[in-house]
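Analysis of the macromolecular model
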There are 2 protein chains.
Amino acid sequence: MDERARHLLKSLIEQHIAKGVPVGSRQLARDAGLNISPATVRNVMADLEDEGYLISPHTSAGRIPTHVGYRFFVDALLRVVPLSAESNRLLIHRIGFRAPDAEQVLHAATGILSELTHMAGFVRVPRRATRILRHVDFIALREREVLAIFVTDKGDVENRLIRTEQPFGAAELTQAANFFNATYGGRPLQDVIHNLQRDLQQSRHEMDRILRSAMELGEEMLEEDQQRMLIEGEFQWLDLPELAGSERLRELLAAVRQKRDLVHLLDESMRGSEVRLFIGEESGYAPLSDCSVVSAPYSVDGEVVGVLGVIGPMRMPYQQIIPLVDGTAQLLGRALSQSG
Amino acid sequence: MDERARHLLKSLIEQHIAKGVPVGSRQLARDAGLNISPATVRNVMADLEDEGYLISPHTSAGRIPTHVGYRFFVDALLRVVPLSAESNRLLIHRIGFRAPDAEQVLHAATGILSELTHMAGFVRVPRRATRILRHVDFIALREREVLAIFVTDKGDVENRLIRTEQPFGAAELTQAANFFNATYGGRPLQDVIHNLQRDLQQSRHEMDRILRSAMELGEEMLEEDQQRMLIEGEFQWLDLPELAGSERLRELLAAVRQKRDLVHLLDESMRGSEVRLFIGEESGYAPLSDCSVVSAPYSVDGEVVGVLGVIGPMRMPYQQIIPLVDGTAQLLGRALSQSG
DNA sequence: CTTGGCACTCAACCATCATGAGTGCTAGTA
DNA sequence: TACTAGCACTCATGATGGTTGAGTGCCAAG
């Protein structure tokens, strides 16, 4: 592909992103800034179409980029602009300076992504598999009901009600918690569960029931964790002419509610530390075949713990979205590192 | 209004609920079962229109009920059918038999409301103002970071990170927690906050900083509580021809995201113990002027703690929705009473 | 009071037509 | 050889106008 073709492709995609309608040869010839006639542009476009970068919705309707075209665009043509001062200030204001607890920071990040991009924003919450168990508490709520509370080193708190067969007194429970903390505290959660399983098989202590339930809670924390994802701003999709009023929108909404496959896709993108794009069919996930996902992993204390980003139409202003997602990921990581 | 007019109004509304289109005199005359000509029906309908129960979208389009019409319908004409055995079984299955923790039960209730009614379901979560403080824990996460955990008698757990100026050791924190529990444990949360404020003004204990933060946390629990509402299934509104593709849908979505006014409306409906309906403009809340809200308060241990229900078009099958919302409220109350 | 009849209204549907944006192709030009 | 002008063709879009059918209001007769 020669220089001129690249320039035209870039110009076409930019126009299509801006306007949302197919771009014709006349307009492209005018706006591309080259002194070139529409006919010449048509020749170039025909070539680009042959090579799979463009497609015509119908015979006389100009061209729109394919996912291959977008891919080439972002890889080879796009110059990512740095985050605007205004956006940056907003990000810092919304994420950086408010860290009362991790959950709220995550919510704030999801919201701000959606607001600034006018698309759906998501945050895959930190996984706790490698988190360290900080503290366990057993509290007697009523007869035969014990509330178990787990705290990890990052301040995540998880709790669960356990029904027991015998009643336990407060003193007994405190003792159990002390034992638990002394034995398993300060170890990674998965180790705790593993050891607990082993230990429970050996001993037949009267506390077994509670410990076993605590173990299940721990397992659940790891398990549930697989699915946890915040998503916000799906309603922004209503504005998009390419989706609006069709079955596709419904499918998409159902898909993000389902979350399962989406989470799988995102876990993929947690490898590496860069912003990553899934354009159209690239995600390999049918309901997303008209959409793009821009994601970036975020790190706490140097370790990648989650991923965030936005989901929107293929036609999205990548040059702004990419730095925004990137910036949000970095700020979120920093905010979480601070807040623990 | 005579017996015949009532019968026709009832029949008209039922047909409109079923079909969603304006009902004309011919069809109404046929389906009402009375041996009456369309012309007669027209006379009756004209009267009903004068009295504000019906309205014509345009000159030749049959009639649809106004919110006054629906109100009369539900108050005077509707015979609520008992919950179908199938729905009841489903409810019990989804809410009754699963009570690992309160949060999940609430989510389950929201989901099942939305699923069974094909509308948006909501659950206003229990308010904790009157809850009794069961247990407080302070855990040192890092230097100068303390995690405070509150547990109420119903098993709600709330946590918050507190930054302190001086570092605290684990022993100190344990001592502080013990003191806190001894002094304030077993009292209603609002009393705790009140007393705490008083006590802090009097004494200048070295623990003040932590206690003050704990107090703030307590206040926040009550505060944030004002806003908490789960809502699910807004996307069901996409199916409705009366809303679809219009600005109204957008407004509605924005309104439920905002929550504030909605929560206010629902708090109103917590007085009393019956199912309550807000039909159209009755809610006094503009974005809901095309919608109805069916709500029912739910009680734990005899005390009303929250309210749940559905939000959908005025044209909803009230005879099924009402018992469903009612039943869900009762089951939820029971489930929460069990699970603590 | 009820009913049949009649004139009228109006949304919805359909076919038709003009418009204009856009294309591919070809032949001529720099 | 690369570019351009011209031309015939395609096709979505939007306007126009007629038809249909459901529905109404009103009136006069039963």
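Residues numbered from 1 in each chain as written. Chains lettered and ligands numbered in written order. Predicted model: local features only at pLDDT ≥ 70, side-chain atom pairs only at ≥ 80, totals over all residues. Heavy atoms only, no water.

Quick word on the relation of the copies chain A and chain B
- The two copies are related by a screw motion: chain A maps onto chain B through a turn of 179 degrees and a shift of 0.0 Å along the axis, at an RMSD of 0.3 Å. Here the symmetry operator amounts to a two-fold rotation axis.
- Both copies share a contact surface, since 95% of the interface residues of chain A are interface residues in chain B too. (Least-squares fit on C-alpha atoms with pLDDT ≥ 70 in both. Contact = heavy atoms within 4.5 Å.)

Quick word on the protein's contact with DNA strand C
- The environment of DNA strand C is formed by 19 residues, the closest being S25 and R63 of chain A together with R4, T40 and S60 of chain B.
- Protein-proximal atoms of DNA strand C, defined as those within 4 Å of the protein, fall in sugar or phosphate at a share of 80%.
- A distance of 3.4 Å separates a base oxygen of DNA strand C from a polar side-chain atom of R42 of chain B.
- The separation between a base oxygen of DNA strand C and a polar side-chain atom of S60 of chain B is 3.1 Å.
- Listing elements by their share of the surface near DNA strand C, those giving two or more residues are α3 (38-50) of chain A together with α3 (38-50) of chain B. (Near = heavy atom within 4 Å. Polar contact = N/O pair within 3.5 Å; in protein donor to acceptor, adjacent residues only side chain to side chain. Helix = DSSP H or I, 4+ residues; strand = E, 2+ residues; numbered from the N terminus.)

What to know about the environment of P65 of chain A
Residue and element names in this part refer to chain A.
- Its location among the elements puts P65 in strand β2 (residues 64-65).
- Relative accessible area serves as the criterion here: at 6%, P65 is assigned to the buried category.
- Note: C-alpha distance between P65 and Y53 (12 residues apart in sequence) is 5.9 Å.
- Non-local contacts of P65, meaning those with residues more than four positions away in its chain, are made with L12, I13, H16, Y53, L54 and Y70. (Buried < 20%, exposed > 50% of the residue type's maximum accessible area, 1.4 Å probe, protein only.)

Some words on the domain arrangement of chain A
All names here are of chain A.
- Partitioning chain A into domains gives domain 1 (3-77), domain 2 (85-126 + 227-339) and domain 3 (133-225).
- With 10 residues of domain 1 at the interface, the matching set in domain 2 holds 11 residues.
- Interface area for domain 1 against domain 2, summed over the two sides, is near 930 Å², with a carbon-plus-sulfur share of 65%.
- Applying the counting criterion to the domain 1 and domain 2 interface returns four residue pairs in polar contact (both at pLDDT 80 or more). (Domains from an automatic or database assignment. Buried area = accessible area lost by both parts, 1.4 Å probe.)

Here's the deal with the protein's contact with DNA strand D
- Lining the immediate environment of DNA strand D, one finds 19 residues, of which R4, T40 and S60 of chain A together with S25 and R63 of chain B sit closest.
- Put simply, 79% of the atoms of DNA strand D that lie within 4 Å of the protein are in sugar or phosphate.
- Measuring from a base oxygen of DNA strand D, one finds a side-chain N or O atom of R42 of chain A at 3.4 Å.
- Broken down by secondary-structure element, the contributors of at least two residues to the surface near DNA strand D are α3 of chain A together with α3 of chain B.
- The element contributing the most residues to the surface near DNA strand D is α3 of chain A, with four residues.
- Of the residues in the surface near DNA strand D, the class split is three nonpolar, 12 polar and four charged. (Nonpolar A, V, L, I, M, F, W, Y, C, P; charged D, E, K, R; others polar.)

Concerning the packing of helix α1 (residues 3-19) of chain B against α3 of chain B
Residues and elements named next belong to chain B.
- Closest axis-to-axis distance for the α1/α3 pair is 10 Å, and the angle between their directions is 85 degrees. When the axis of α1 is compared with that of α3, the two are roughly perpendicular. In this structure, α1 contributes R4, A5, L8, L9 and L12 to the contact, and α3 contributes T40, V41, V44, M45 and L48.
- Residue composition of the contact of α1 with α3, grouped by class: eight nonpolar, one polar and one charged. (Axes fitted to C-alpha atoms, helices over the stretch in contact; angles between N-to-C directions. Parallel < 35°, antiparallel > 145°, perpendicular 65-115°, else oblique.)

Considering the packing of aromatic side chains
All names here are of chain A.
- Here the structure, examined in full by the defined rule, presents 10 aromatic pairs over all chains.
- Consider the rings of Y70 and Y318, whose centres lie 6.0 Å apart with planes at 55 degrees: the pair is tilted. Of the two residues, Y70 sits in helix α4 (residues 67-77) while Y318 sits in helix α12 (residues 318-339), which places them 248 residues apart along the sequence. The same class applies to Y70 and to Y318, which are both buried.
- Taken together, the ring pairs connect F138, F150, F180 and Y184 into an aromatic cluster. (Phe/Tyr/Trp six-rings, centres within 6.5 Å; stacked < 30°, edge-to-face > 60°.)

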